[in-house]
Amino acid sequence: LSSTLRAFRRPIPSVACHPKVRRQSVIMGSETNHAKPAISLDPFAARNFVEPGQTAHGKAFITFDKAEFTARVNAWYESRVAAGENPLKAGYAPFCKHIFMPNFVPNLEDTILPVKEGNVSLLRSEYMARTEKELPVLTRWFPRESVKDQLRD
């Protein structure tokens, strides 16, 4: 984790890591169930998607159909399970799980870069809080303009 950083400050939130929504969070099962998808998009994650006919604003920055997104994530998840793998990775708490999969959303930049000898001098850091009530934490990032030639489409 320490060798990989987001290339700009706007984090892509995890779909299942917010304690207030953990009961309605992404449903992740270890067994395949064709009647109900293993993974669903909860309201906490859905707010990151731009509604049809709208433009990106606020927290909404993903321009992709939510149903198709969920279907593709489930297809990838099911393929990994069928191959005998567990695609769910532990998060910061028992109820938090992550899925790391290839990006299939057009025009959504890959915002993760490895920290290497050639780009470590471009790193920036700052103590940041999302709200005045939140305790600031040390955050590191690459300024987008400094690494735009290293980002993948």
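So, how was this worked out
Residues numbered from 1 in each chain as written. Predicted model: local features only at pLDDT ≥ 70, side-chain atom pairs only at ≥ 80, totals over all residues. Heavy atoms only, no water. Helix = DSSP H or I, 4+ residues; strand = E, 2+ residues; numbered from the N terminus. Buried < 20%, exposed > 50% of the residue type's maximum accessible area, 1.4 Å probe, protein only. Contact = heavy atoms within 4.5 Å. Expected span 1.5 Å × (residues − 1). Polar contact = N/O pair within 3.5 Å; in protein donor to acceptor, adjacent residues only side chain to side chain. Core = buried A, V, L, I, M, F, W, Y, C linked by side-chain atoms within 4.5 Å. Phe/Tyr/Trp six-rings, centres within 6.5 Å; stacked < 30°, edge-to-face > 60°. Salt bridge = Lys/Arg side-chain N within 4 Å of Asp/Glu carboxyl O.

### Concerning the overall build of the protein chain
- When you go through the protein chain residue by residue, the secondary structure sums to three helices and six strands.
- Written out in order from the N terminus, the α and β elements of the protein chain read β-α-α-β-β-β-β-β-α.
- Here the protein chain, with 153 residues, has 29% of them falling under the buried criterion.
- Considering only contacts in the protein chain between residues 6 or more positions apart, those separated by 24 or more positions represent 55%.

### Quick word on helix α2 (residues 66-82)
- In this model, α2 (17 residues) spans 24 Å end to end at C-alpha, consistent with the 24 Å of a helix rising 1.5 Å per residue.
- For α2, the complete set of buried residues consists of F69, T70, V73, N74, W76, Y77 and E78.
- Tucked inside the fold, the buried residues of α2 contact β2 (88-90) and β3 (97-99).
- You can read the cap of α2 off the contacts: a side-chain oxygen lies 3.2 Å from the backbone nitrogen of A67, and it is on D65.
- One or two positions beyond α2, positive phi appears at G84, with a value near 85°.

### Points about the nonpolar core
- Listed in full, the 12 residues of the largest apolar core are A38, I39, F49, F61, I62, F64, F69, V73, Y77, L88, V105 and L108.
- No other element matches α2, which puts three residues into this core.
- Membership of the second largest hydrophobic core comes to five residues, among which are L113, F142, V147 and L151.

### Things to note about the packing of aromatic side chains
- In total, this model carries five aromatic pairs according to the counting rule given.
- Ring geometry for F64 against F104: centres 5.6 Å apart, planes inclined by 65°, an arrangement best described as edge-to-face. In this pair, F64 is assigned in the loop between α1 (43-46) and α2 and F104 in the loop between β3 and β4 (112-114), connecting sequence segments 40 residues apart.
- Among the residues examined, F64 registers a relative accessible area of 13% and is labelled buried.
- Here the aromatic residues F49, F64, F69 and F104 are joined through ring pairs into a cluster of three or more.

### Focus on the pattern of salt bridges
- Applying the stated criterion to the full structure yields four salt bridges.
- One salt bridge connects E51 with K66, and the closest N-O pair in it is separated by 2.7 Å. One end of the pair, E51, is in the loop between α1 and α2; the other, K66, is in helix α2, with 15 residues separating them in the sequence.
- Linking E134 and R130 is a salt bridge whose minimum nitrogen-to-oxygen distance equals 2.6 Å.
- Note on R130: relative accessible area 73%, which makes it exposed.

### Considering unusual backbone geometry
- Residues other than glycine seldom take positive phi values, yet N107 does so here, at roughly 65°.
- Along the polypeptide, N107 turns up in the loop between β3 and β4.
- Overall, the relative accessible area of 83% leaves N107 in the exposed class.

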